[in-house]
Structures are given as C-alpha cells and as structure tokens.
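# Coordinate analysis (summary)
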Amino acid sequence: MKWIVKMMLVLLMCLPVQSWAFPNEPNGFRDLYWGESLEEVQQTRHLSFLENTHSIAKAEVYVAFLREDEEKVVSGIPIAGEMLVLGFKENKLIAIVAAFQDIDNCWEYLKGAMERLYGKAEFINGDYMWTGTKTMMLLERNFLSGQIRLCMVDLQKIKNIDQEMYKSGW
C-alpha cells in the first residue's frame, strides 16, 4: 500500500537525526505488539487478508476488525470502519494504521491529544511525526479523501528493511 512507501520516505528523511524516545512511547497499539506473529494476532482478532504489497517493505497487509468489547474510538474520535490495517513482514507485526473521518474538529483534537500524551511532534510536509527508539508514529491528513490516518510502525524492523534496501543497491 502507498502508506508503507510514504512511511519509508519519512523514515529516510529522518535517518541523519538522532532518535530520542518520546514520552509514553508505545510498543504497538492496544493489545497489538511489535514482533507478534500473524498467528498470535489471529488468536485475539478477526483478520481479513488485504494484499501483498509491491512496495519496498514487501509486507502482507490485513484488516483487523475491532472486537465488540473494544473501544471504537481513539481520544474520543471514532475509528473509521471500526477496523485497523496491519502490516506483517516475515510473519511479524511491523505496522498498524487507524483511520478517522476528517469532520468537525477531529484533526486538531486528535493532534492535540497526541501531543499531550507523546510530546511535541516534528512537522514534516503537513504531517506530524513522533520518532522514538522502538516506534514511529505519523499523523497525516488527506484533504481529498477527507480522512485522517494514524500510522504506527516498528522502527527497528523498518530500519532493518532500510538496510536491506541499501545492500541491494537501491
């Protein structure tokens, strides 16, 4: 998917900058943790295969439907479609995306809630990014689709993918 390529480009822009952990840095999202296998995630969530990406990451992408007992909101903002998009590389969880509708004041409210929880973000090309030692989060807004996306990636795994890319002469 395009979001994986975008995340790789954002990561490449940040490589010269030393990463510092941000406050309350997550190791995934809710009960989804970096490095969990596909089988482990399937034990707690209903997944539907979406695609094998043809991007640099070559990840498998799944839709994870929110459970009935699970909060359907993040900081009071409803998660669009009551689902998350998950990326797996070599059978390990490396990315989680939550989407929201860009209505009312959702963008400002979600950005403000994240900055209160995770500290000041870097502002890059209209998006907000938090880079820690294990997780990178990107809050992006698409005016054309009217959607807000919160992309979270396993920073260590993405760095490994980046190193593989350099070794292959990309």
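The structure displayed is predicted, hence computed values, not measured ones.

Let's shift gears to the overall build of the chain. What the chain contains, in helices and strands, is four helices and 12 strands. When the 170 residues of the chain are sorted by exposure, 49% land in the buried category. For the chain, long-range pairs separated by at least 24 residues make up 58% of all intrachain contacts whose partners lie at least 6 apart in sequence. When the accessible surface of the chain is summed, it comes to about 9,000 Å², and 53% of that surface belongs to carbon and sulfur atoms.

To continue, consider the sheet that holds strand 8 (residues 92–101). What the eight strands build is an open sheet, ordered 3-4-7-8-12-11-10-9; its pairing is antiparallel. Unpaired on one side and paired on the other, strand 3 (47–52) and strand 9 (122–124) mark the two borders of the sheet. Here the average twist between neighbouring strands, direction ignored, is 25°. On top of the sheet, helix 3 (residues 106–118) reaches strand 8, strand 10 (127–131), strand 11 (135–142) and strand 12 (147–154); it is set at about 165° to strand 11, its chief contact.

On to unusual backbone geometry, then. Here Ser75, not a glycine, exhibits a phi torsion of approximately 50°, which is positive. With respect to the secondary-structure elements, Ser75 resides in the loop between strand 5 (73–74) and strand 6 (77–78). Exposure remark for Ser75: the relative accessible area of 36% places this residue in the partly exposed category. Positive phi is not limited to glycine here, since Glu90 has a value of about 55°. Looking at the element boundaries, Glu90 is found in the loop between strand 7 (83–89) and strand 8.

We now examine the environment of Phe29. Along the chain, Phe29 falls in strand 1 (residues 28–29). Separated by 67 residues in sequence, Phe29 and Ile96 have C-alpha atoms that sit 7.4 Å apart. Non-local contacts of Phe29, meaning those with residues more than four positions away in its chain, are made with Val74, Leu84, Ile96 and Met152.

Next up on the list: helix 3. Over its 13 residues, helix 3 extends 18 Å from the first C-alpha to the last, a length consistent with the 18 Å expected when each residue adds 1.5 Å. Inspection of helix 3 places Cys106, Trp107, Leu110, Lys111, Gly112, Ala113, Met114 and Tyr118 among the buried residues, and these make up the whole buried set. Packed against the buried residues of helix 3 are strand 5, strand 6, strand 8, strand 10, strand 11 and strand 12. Just downstream of helix 3 lies Gly119, where phi reads positive at about 90°.

Next up on the list: the nonpolar core. Counting 33 residues, the largest nonpolar core has Leu84, Leu86, Ile96, Phe100, Trp130 and Leu139 as its most contacted members. The element contributing the most residues to this core is helix 3, with five residues. Leaving out residues up to four positions away in the same chain, Phe100 has contacts with Val74, Ile77, Pro78, Ile79, Ala80, Leu110, Gly146, Gln147, Ile148 and Leu150. With 14 residues, the next largest nonpolar core counts Val61, Ile94, Ile124 and Val153 among its residues.

This part is about the packing of aromatic side chains. Inspection of every chain in the model, using the stated rule, returns five aromatic pairs. Connected via pairs of aromatic rings, a cluster forms that spans Phe49, Tyr62 and Phe88.

This part takes up the pattern of salt bridges. Taken as a whole, this structure holds nine salt bridges when the rule is applied. Residue Asp31 is joined to Arg67 by a salt bridge in which the shortest nitrogen-to-oxygen separation is 2.9 Å. Here Arg67 lies in the loop between strand 4 (60–65) and strand 5 and Asp31 lies in the loop between strand 1 and strand 2 (32–33), a separation of 36 residues in the sequence. For Asp31, a relative accessible area of 23% puts it in the partly exposed group. By relative accessible area, Arg67 is classed as partly exposed at 26%. Lys157 is the salt-bridge partner of Glu90, the closest N and O atoms lying 2.9 Å from each other. Here Lys157 lies in helix 4 (residues 155–167) and Glu90 lies in the loop between strand 7 and strand 8, a separation of 67 residues in the sequence. Exposure remark for Glu90: the relative accessible area of 54% places this residue in the exposed category.

Reading the values: rules and limits
- Residues numbered from 1 in each chain as written.
- Predicted model: local features only at pLDDT ≥ 70, side-chain atom pairs only at ≥ 80, totals over all residues.
- Heavy atoms only, no water.
- Helix = DSSP H or I, 4+ residues; strand = E, 2+ residues; numbered from the N terminus.
- Buried < 20%, exposed > 50% of the residue type's maximum accessible area, 1.4 Å probe, protein only.
- Contact = heavy atoms within 4.5 Å.
- Areas by Shrake-Rupley, 256 points an atom, 1.4 Å probe, with all protein chains shown as cover.
- Pairing = 2+ DSSP bridges.
- Axes fitted to C-alpha atoms, helices over the stretch in contact; angles between N-to-C directions.
- Expected span 1.5 Å × (residues − 1).
- Core = buried A, V, L, I, M, F, W, Y, C linked by side-chain atoms within 4.5 Å.
- Phe/Tyr/Trp six-rings, centres within 6.5 Å; stacked < 30°, edge-to-face > 60°.
- Salt bridge = Lys/Arg side-chain N within 4 Å of Asp/Glu carboxyl O.

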